[in-house]
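Per-entry structural report
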Amino acid sequence: MRWLSPDRTPNVVRGGRSCPPRGMAGCLRGGQVCPPRKSAAILRVCGVLAALILATAGGCSSPGGDNILLTERGLWHRTGPVATYTANNLHEYIDGAAPFVISFGFESLQTAGYRRGAEPETTVDIYDMGSSDNAFALFRSNSNVEAGPLEVGTEGAGADARIEFWQGAYYVAVSNPSADEKDEVLALARDLAQALPVVGAWPAYLDLLPTAGRVVHSERFLPSDYLGHGFLKRAVSARYKVGAREMTLFACRLETPKEAAVAMGRLKAFLDKQGRAQALARGEGGYVAADSTLGRVAVFQRGQFVAGLYPYPEEPAADDLLADLDRRLGGR
Amino acid sequence: MERRQFLRCAAAGVSAAVMGSALPKVWAAEPQVERRNERPGMTYARFGRTNFMVSRIAHGSLHTNRERIPLLARLYEGGVNFFDTAQHYAGGRSEEAFGEYFSQDGRRKNVFIATKVDIRAELKAGRNVYERTLQLADQSLKRLRTDCVDILMLHGCTTLIDWVTHEDWLRACDDLKKQGKTRFIGISEHAKPAEVLKLMAECGHYDAAMVAFSLIRGEWNGLSRTTIQAMADSLKLAKEKDLGIVVMKAAMKAEDIVASVSEPGLKKQGHSPYQLCYRYVLGVPGVHAVVCGMVNMAQVDENLAVPKIELAAAQIEDLRRAAACSGVCGFCGACLDACPSGVAVQDIQRFHGYYIHGYREAARADYAALAPEQRATACRGCGRCEGICPGRVPIRRRLKEAHDALA
């Protein structure tokens, strides 16, 4: 995801986040947001001081030196300074894709180039997403669909052009500039994963989804605008195989049961335009309605959740899925 | 019929009679336009030499995925026929969503689909450009579930000036056309749209361009966002060469602009800031469509209404004036002699722009070359410059930011 043109070099210090407390996972971004440089000499002094601090106490690093994007990583040498971006200037690095990444809770990005001998340069992008919930969500919505699974990080995938993985609060992309370098780039990615803190494991929201029949890697989390509706927020979803059919189960978590009831009503009003909804004996105010794109949609409310299934085949197996989902939501 | 129009028709008639069959073909026949999914609520424009009659609102699908497919349905039913995506939008999930929706019920033949390949790494490395373009195009077609896209673009987020006429890229495009995998080619460009568009028009290989500009220059990526005024010459040239032009990022800082409009009619009509800015850009000569990123039904409904909005001349002028006062430096020069301390206000903002744009060393060198009394540290905070600035730029704060970056 390195979209800088040849005539552009990244800034060393961008954005304005303060350094998190020592020992916190966010310390990755460390001293990258130290005050602006007065001169190269001051920079050097800062580097030495930070190195001393790191050596003695562990903690935040200095501009140009970081506890993850070190100057040396195995056989790889960093080719330049580490650049840091925040939500305010992420556009400068990934431009039009920035709003998409930001919508998943993006906090900061650190990026640097690495080279191994005379081989082409690879780029490491480490996105601090603030939580493993967000890192997982971005990974599942942004990683290359052509990529196959790789054993790196909590979950990784690789295609010919790059390797991506998420771990803890971080979503990481490592470019693969040459087919000859594939194994070495994977080794670099694994090395980075080892250095990254692991905070929690899989997002707790995945526990809302029944496990039987779930299609592997189909789980998603969308922070907003699920099914294109502004009122359907924080949607966790997955696809399920029921016999020969495939269907999608979802649960949106609203702030309060009252807000969930409003969302139920608005969705019903939207679907009613395409045909009269019928009652569904599930949850609070459940109904089944037809949608021109999704097919029949079964929807119900359980507390602060709006949940459902599409296309709804009105088969016992589909009802079992809904019942399982309802039971899980009820326990929340 | 107005007198001028009558005279023009009469002159054309006389010319035709005199020249008879010698009349050039291009004059003799109207181009055969291609119409798809036209519906009463939407308006359409001929998209340059492609002869597509595209909806003036195009869907930008950066945020589109399987979970938001109902949006595509709403747009389609609203008469939108121009859908834009890219190989790497949501890791390819945007193209997948297009494939899933448009491959059903014969919808594919009712829309124009543009996608983009990202070969910047290959262009930068100077190798594998041809092979990678073909490979990525094939992957896109597979995800889109179609044999052919209507427009294939080179995806640009930074300046592509050096690559507009790249031999291997153009050769790959020619071959993809011959293989029937794309009908037309283009470039999308954020950073230097005016320069890139000019080169595209001059080189003659391209059919369409997606360019980023708006009423004002964006604050982020300061120098690289272009204003309408800066695009005028390039748009004129593009029109002469009959390129299709679709504008992205057209509603930059829409809320700020519309907050400072004074023309009462603009607010009374109840249009949103985004609607007004999109509508303004649609009125710029040479612009055929605007591409809007939409993530929910409310945004879709809002944007579907844009082409039918009527803006009076006074309202257009008011929007232009409001944009000029929106706190973004337009380098007009009003502040040049304003500072009693002699701070080089405009130069410092320009250097800061260079810095933001990535020319860090040059920016720092330029700043270092200023005499101490011209640098931001000499500012006494009197605010005289801000009183003079027609753009209402918060100059004192900007000077401090510039100094922090450049010193």
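Residues numbered from 1 in each chain as written. Chains lettered and ligands numbered in written order. Predicted model: local features only at pLDDT ≥ 70, side-chain atom pairs only at ≥ 80, totals over all residues.

**As for the confidence of the model for chain B**
Residues and elements named next belong to chain B. Applied cut-off: Here pLDDT means the predictor's own confidence in every residue, given as a number from 0 to 100. Residues are defined as contacting one another if the C-beta atoms placed from their backbone atoms lie within 7 Å.
Looking at chain B, the pLDDT average stands at 86 and 88% of residues meet or exceed 70. The model gives residues 1–28 a pLDDT under 50, and that stretch makes three contacts with residues more than four places away or in other chains. Scoring of the predicted complex yields 0.79 for pTM and 0.77 for ipTM.

**Comments concerning the nonpolar core**
Heads up, the condition is: In this description, a nonpolar core means buried residues of the types Ala, Val, Leu, Ile, Met, Phe, Trp, Tyr and Cys, linked to one another by C-beta atoms lying within 7 Å. Field definition: a residue is buried when 20 or more other C-beta atoms are found within 10 Å of its C-beta, exposed when 12 or fewer are, and partly exposed for counts in between, with C-beta atoms placed from the backbone.
Ranked by internal contacts, the top residues of the largest apolar core, which has 99 residues, are Val54, Met200, Ala209, Val247, Cys277 and Val290 of chain B. Ignoring anything within four residues of it in the chain, the contact list for valine 290 of chain B reads Ile57, Ala58, Val246, Val247, Ala250, Tyr278, Val281 and Leu282 of chain B. In this structure, Trp76, Ala169, Tyr226 and Met247 of chain A belong to the second largest nonpolar core, which totals 90 residues.

**Side note on the domain arrangement of chain A**
We count it as follows: The domain limits used here are those given by an automatic or database domain assignment.
As far as domains go, chain A holds domain 1 (25–195) and domain 2 (204–330). Taken residue by residue, the interface counts eight residues in domain 1 of chain A and six residues in domain 2 of chain A.

**What about helix 7 (residues 316–330) of chain A?**
Each α-helix turn comprises 3.6 residues. Residues three or four places apart therefore point the same way. All names here are of chain A. How we decide: Starting at the N terminus, helices and strands are each numbered in turn, a helix being any DSSP run of H or I of at least four residues and a strand any DSSP run of E of at least two. What a helix is expected to span follows from its residue count: subtract one and scale by 1.5 Å. Note that the arc is defined by the directions from the helix axis to the C-beta atoms.
Between its terminal C-alpha atoms helix 7 stretches 21 Å, which fits the 21 Å expected from 15 residues at 1.5 Å a residue. Every buried residue of helix 7 is listed here: Ala318, Leu321, Leu322, Leu325 and Leu329. Down the axis of helix 7, the sector holding all buried residues measures 95 degrees, keeping them to one side. Residues of helix 7 that are exposed and point more than 90 degrees away from the buried face comprise Pro316, Arg327 and Gly330. Taken together, the buried residues of helix 7 touch strand 11 (235–242), strand 12 (245–253), strand 15 (295–302) and strand 16 (305–310).

**Notes on the pairing of strand 9 (residues 170–175) of chain A**
Residue and element names in this part refer to chain A. Formally: Two strands are said to pair when DSSP picks up at least two bridges between them.
Of all six residues in strand 9, six are buried; the element is thus mostly enclosed. In strand 9, alternate side chains face the same way, and those of Tyr170, Val172 and Val174 on one face and Tyr171, Ala173 and Ser175 on the other are all buried. In this sheet, strand 9 lies alongside strand 8 (residues 162–167) in antiparallel orientation, the contact comprising six bridges. Residue pairing in the sheet places isoleucine 163 in a bridge with valine 174 of strand 9. Linkage of strand 8 to strand 9, two consecutive antiparallel strands, is achieved through a turn of two residues, within which glycine 168 is found at a positive phi near 55 degrees.

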